[in-house]
Amino acid sequence: AGAAAVAIARSLLSSHNKEAVAALQKVAEAAKGKDAGRLAQDALALASLGANIAPQGKASSPDGLDSDGGASGDQAAIDGNPETYWDEADGKPLYRLVVTFPQPRRFNAISILGYVQHSYAPKDFDILADGKVVREVRNAQYANNFLVLTFPETTAKVLELKITGYYGNSPAIRDLGVY
């Protein structure tokens, strides 16, 4: 029930922010230490970050790998639709997902909705802004298949995930948010 309440509140953050934040705070307190509580905390962190600017960019995979399974291509990673996803050929040592904005943008956080909780999701990766590492991530721990990561605010035209480790056979991403 808590996870369902979090999902509903997350979808209402842009249209009914005050009410959604209040609901998330209630779930976070009531489910402290449980998955629903962690999900609520992640959603509250997102609420404080502002709008997701990823859909304003263009996604690409300069690693030359083919899409895998039912993957919907590079843009699926940032289209805001969790039914579509980005995924490439299994078992490779390096995967790259790049989001290029029309002009430099300021950001200080990302969110990742993986394919399945700790299965087919990025595990070890660097976050780069205009080619410079802004955060290294090792053994990423998702809560209900969702991860929020912050880093010092930066201004850049290009954000890249350089993925060297993953859960499952490849690092599929249902949604990448940039804040």
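Above: the structure in question.
The structure presented is a predicted model; accordingly, all values stated were derived computationally and were not measured.

**Q** Would you mind going over the overall build of the protein chain with me for this structure?
**A** When its secondary structure is counted, the protein chain shows 3 helices and 6 strands. When the helices and strands of the protein chain are placed in sequence order, the string is α-α-α-β-β-β-β-β-β. Taking 16 Å as the expected radius of gyration for a compact globule of 179 residues, we find that the protein chain reaches 16 Å, a close match to that expectation. Its C-alpha atoms put the protein chain at 45 × 35 × 25 Å along the principal axes. A separation of at least 24 residues holds for 69% of the contacts in the protein chain among residues at least 6 apart in sequence. Surface exposure of the protein chain reaches about 8,600 Å², of which carbon and sulfur atoms provide 49%. The average position of the 18 basic charges and that of the 20 acidic charges among the side chains of the protein chain differ by 7 Å.

**Q** I keep staring at the pattern of salt bridges and nothing clicks. Help me out?
**A** If charged atoms from side chains of opposite charge come close, those side chains can pair. Applying the stated rule across the entire model yields 4 salt bridges. Residue Glu29 pairs with Lys32 through a salt bridge whose shortest N-O separation is 3.7 Å. Each member of the pair, Glu29 together with Lys32, is exposed. Arg138 is the salt-bridge partner of Asp126, the closest N and O atoms lying 3.0 Å from each other. Taken together, the residues Asp126 in strand E3 (residues 121-129) and Arg138 in the loop between strand E4 (132-137) and strand E5 (146-167) connect sequence positions 12 residues apart.

**Q** Which parts of the structure should I look at to understand the environment of Ala172?
**A** Within the fold, Ala172 resides in the loop between E5 and strand E6 (173-178). Along the backbone, Ala172 and Ala71 are 101 residues apart, and their C-alpha atoms lie at a distance of 8.4 Å. The residues contacting Ala172, other than those within four sequence positions of it, are Tyr85, Trp86, Asp87, Gly114, Tyr115, Tyr120, Ala121 and Pro122.

**Q** Looking at this model, I keep getting lost on helix H2 (residues 17-30). Mind explaining?
**A** The α-helix winds at 3.6 residues per turn, so residues separated by three or four positions along the chain end up facing the same way. With 14 residues, H2 ought to run about 20 Å at 1.5 Å a step, and its terminal C-alpha atoms sit 20 Å apart, in line with that. Within the span of H2, buried status applies to Ala20, Val21, Leu24, Val27 and Ala28. For H2, the angular spread of the buried residues around the axis is 125 degrees, confining them to a single face. H2 presents Lys18, Glu19, Lys26, Glu29 and Ala30 as exposed residues on the side facing more than 90 degrees away from its buried surface. On its buried face, H2 sits against helix H1 (2-12) and helix H3 (35-49).

**Q** Looking at this structure, how should I read the side chain of Asp175?
**A** Along the chain, Asp175 turns up in strand E6. Among the polar contacts listed, one links the side chain of Asp175 to the backbone nitrogen of Gly80, at a separation of 3.3 Å. Filtering out sequence-adjacent residues up to four positions away, Asp175 remains in contact with Ala77, Ile78, Asp79, Gly80, Asn81, Ser111, Ile112 and Leu113.

**Q** Can you help me understand the packing of H2 against H3 in this one?
**A** Axes are the key here: two packed helices are described by the angle between their axes and the distance separating the axes. Look at H2 against H3: their axes get within 8 Å of each other, and the N-to-C directions meet at 150 degrees. The chirality of how H2 crosses H3 is left-handed. Of the residues in H3, those in contact with Val21, Leu24, Gln25, Val27 and Ala28 of H2 are Ala36, Gly37, Ala40, Gln41, Ala43, Leu44 and Ala47. Class assignment for the residues of the contact of H2 with H3 results in 9 nonpolar, 3 polar and no charged.

Scoring rules and cut-offs
- Residues numbered from 1 in each chain as written.
- Predicted model: local features only at pLDDT ≥ 70, side-chain atom pairs only at ≥ 80, totals over all residues.
- Heavy atoms only, no water.
- Helix = DSSP H or I, 4+ residues; strand = E, 2+ residues; numbered from the N terminus.
- Rg over C-alpha atoms; globule rule 2.2 N^0.38 Å.
- Contact = heavy atoms within 4.5 Å.
- Areas by Shrake-Rupley, 256 points an atom, 1.4 Å probe, with all protein chains shown as cover.
- Lys, Arg positive; Asp, Glu negative; His and termini not counted.
- Charge placed at Lys NZ, Arg CZ, Asp CG, Glu CD.
- Salt bridge = Lys/Arg side-chain N within 4 Å of Asp/Glu carboxyl O.
- Buried < 20%, exposed > 50% of the residue type's maximum accessible area, 1.4 Å probe, protein only.
- Expected span 1.5 Å × (residues − 1).
- Arc of directions from axis to C-beta.
- Polar contact = N/O pair within 3.5 Å; in protein donor to acceptor, adjacent residues only side chain to side chain.
- Axes fitted to C-alpha atoms, helices over the stretch in contact; angles between N-to-C directions.
- Left-handed = near helix turned anticlockwise from the far one by under 90°.
- Nonpolar A, V, L, I, M, F, W, Y, C, P; charged D, E, K, R; others polar.

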